[in-house]
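Close look at the chain arrangement
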Amino acid sequence: MTNGTPPFGRTVRIKGTGSYVPERILTNRELESIVDTTDEWIYSRTGMRERHIAADHEATSDLAAIAAQRAIENSGLTPADMDMILVCTSSPDMFFPNTACLVQKKIGAHRAFCFDMEAACSGFLYGLEVGRQFVQSSSAENVLVIGAEKISPFVNWKDRTTCVLFGDGAGAAVLQAGNGRGIMETIMGSDGLLADLLIMPGGGSRYPPTPETLKSGIHFIQMQGREVFKHAVSNMTKAALDILKHTGVSIADVKYIIPHQANARIIHAIGQRLGGRPDQVYMNVERYGNTSAASVILALDEVARGGQLEKGDLLLFVVFGAGFTWGAMLMEWDNS
Ligand code: ACO
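What counts, and at which threshold
- Residues numbered from 1 in each chain as written.
- Predicted model: local features only at pLDDT ≥ 70, side-chain atom pairs only at ≥ 80, totals over all residues.
- Heavy atoms only, no water.
- Near = heavy atom within 4 Å.
- Polar contact = N/O pair within 3.5 Å; in protein donor to acceptor, adjacent residues only side chain to side chain.
- Helix = DSSP H or I, 4+ residues; strand = E, 2+ residues; numbered from the N terminus.
- Nonpolar A, V, L, I, M, F, W, Y, C, P; charged D, E, K, R; others polar.
- Domains from an automatic or database assignment.
- Contact = heavy atoms within 4.5 Å.
- Buried area = accessible area lost by both parts, 1.4 Å probe.
- Salt bridge = Lys/Arg side-chain N within 4 Å of Asp/Glu carboxyl O.
- Expected span 1.5 Å × (residues − 1).
- Buried < 20%, exposed > 50% of the residue type's maximum accessible area, 1.4 Å probe, protein only.

**Brief notes about the site of the ligand**
If you check the shell around the ligand, you find 27 residues, and the closest are T37, R45, C121, R226 and N263. Contact between the ligand and R45: an oxygen atom at 2.6 Å from a side-chain N or O atom of the residue. Separating an oxygen atom of the ligand from a side-chain N or O atom of N263 is a distance of 2.6 Å. Considering each element in turn, the shell around the ligand owes the most residues, four residues, to helix 8 (residues 225–247). For the shell around the ligand, a count of residues per class yields 14 nonpolar, eight polar and five charged. For the shell around the ligand, the domains that each give at least three residues are domain 1 (2–180) and domain 2 (184–332).

As structure tokens, then:
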């Protein structure tokens, strides 16, 4: 699916961003005492050194609410200005009510309508595109899109092939109409035929929780890492190249490529295939691990708050996640 800005409707930009990661840091060295692994193996294969893990009393909506408050403040708005809250997550507090309603309650955004969306690690980009449609069509003025995960309870801490990869965190963005180009184009794709390669089969209606499902561990993340790696590189590269081709933008004109932070080797491979300079490819996987739907907005918030963006800069987001789902988005930055 490709969606350029049609010749009608408004252009949509990110007015403000915010993020939050839990206090507790889990280092590779600590993981050495949990599973049969080493700091050297994890760093050389993934680029990760540490990740943040939420406390027992913190749920996804708690992380999301702090990120949301920071994004709203950064936008110069108040929670009451929000028309819509969309939480993108694979680790909701519970099946229902949706996590966005729980965030609404915490931050007091009483005017908003609220719903969740699940597209795994692609979630935030999918959420931005959904939010963009509401603003572009004038159905909403201020849309709060949140990517938030407390993924740590769904990681099998006895499986060294997955437990070293993931971390918890949240980020949020406020979308508004703008005068510039804003979100210029989005490409999204999915392939459900490959669903089994990255899956958490238990706990839903297919395999509701029973003592047997808990014992067999099917409520944990299961992943065929090498296969995921290959599909991630090829689909993310193609989505990014397609978007550059459709828009006629050269990679040299992009200020930052902000990929989903799954693995440093995946990120380097995409950067090389796109012909990007190393300084164009943003990476913070070393400090956060893979925070799934939160990763892209955590990275964007860092870049924006670090003062590294100016009005008119072009940003290229590219994502990949379970499903499989993938996508790319080209955006002209303007939070003025
Ligand atoms: N520590 C030490 N050894 C390990 C570890 C570990 N943590 N994990 C695996 N190994 C071992 C394996 O058992 C294997 O040993 P063997 O050769 O004796 O069988 C060896 O290391 C190599 O294993 P591979 O799986 O081939 O290692 P690879 O280089 O592929 O790296 C990794 C594994 C990091 C998981 C990689 O495949 C990867 O990053 N894949 C993509 C994962 C990803 O991005 N997932 C998220 C997608 S987005 C989403 O929606 C969640």
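**Thoughts on the domain arrangement of the chain**
Put simply, an interface is often sized by how much accessible area is lost when its parts join up. Segmentation of the chain into domains returns domain 1 (2–180) and domain 2 (184–332). When each unit is reduced to the centre of its C-alpha atoms, the spacing between domain 1 and domain 2 is 13 Å. Counting residues at the interface gives 56 residues for domain 1 and 49 residues for domain 2. For the pair domain 1 and domain 2, the summed buried area comes to about 4000 Å², and 63% of that belongs to carbon and sulfur atoms. When the buried surface of domain 1 facing domain 2 is broken down by residue, C121, L125 and Y126 rank first, second and third, together holding 17% of it. Our count for the contact surface shared by domain 1 and domain 2 stands at zero salt bridges. In terms of residue count, helix 5 (residues 123–136) provides more of the side of domain 1 that touches domain 2 than any other element does, seven residues in total.

**Describing helix 3 (residues 60–74)**
Spanning 15 residues, helix 3 covers 21 Å between terminal C-alpha atoms, matching the ideal 21 Å at 1.5 Å per step. Where the residues of helix 3 are buried, they touch strand 2 (11–20), helix 4 (99–107), strand 7 (143–149) and strand 8 (169–178). Taken from the residues just after helix 3, G76 is the one with a positive phi, measuring 75°.

**Some remarks on the side chain of T325**
You can see T325 is positioned in strand 14 (residues 325–332). For T325, a relative accessible area of 10% puts it in the buried group. Within polar-contact distance, the side chain of T325 engages the side chain of S122 at 2.9 Å. Polar contacts involving the side chain of T325 include one to the main-chain carbonyl oxygen of A322, which spans 3.1 Å. If near-sequence neighbours (up to four positions away) are discounted, T325 is found in contact with A119, S122, Y126, G189, S190, V319 and F320.

**Topic: the pattern of salt bridges**
For side chains of opposite charge, pairing can occur when their charged atoms come near one another. Inspection of every chain in the model, using the stated rule, returns 17 salt bridges. Notably, a salt bridge pairs R24 with E30, separated by 3.2 Å at the nearest N-O pair. The class of R24 is partly exposed, set by a relative accessible area of 42%. The class of E30 is partly exposed, set by a relative accessible area of 30%. Note that R305 and D301 form a salt bridge whose closest N and O atoms lie 2.8 Å from each other. Separated by four residues within a single helix, R305 and D301 lie in helix 11 (residues 295–305), roughly one turn from each other. Each of R29, E32, D39 and R49 takes part in salt bridges that share partners, so that together they form one network.

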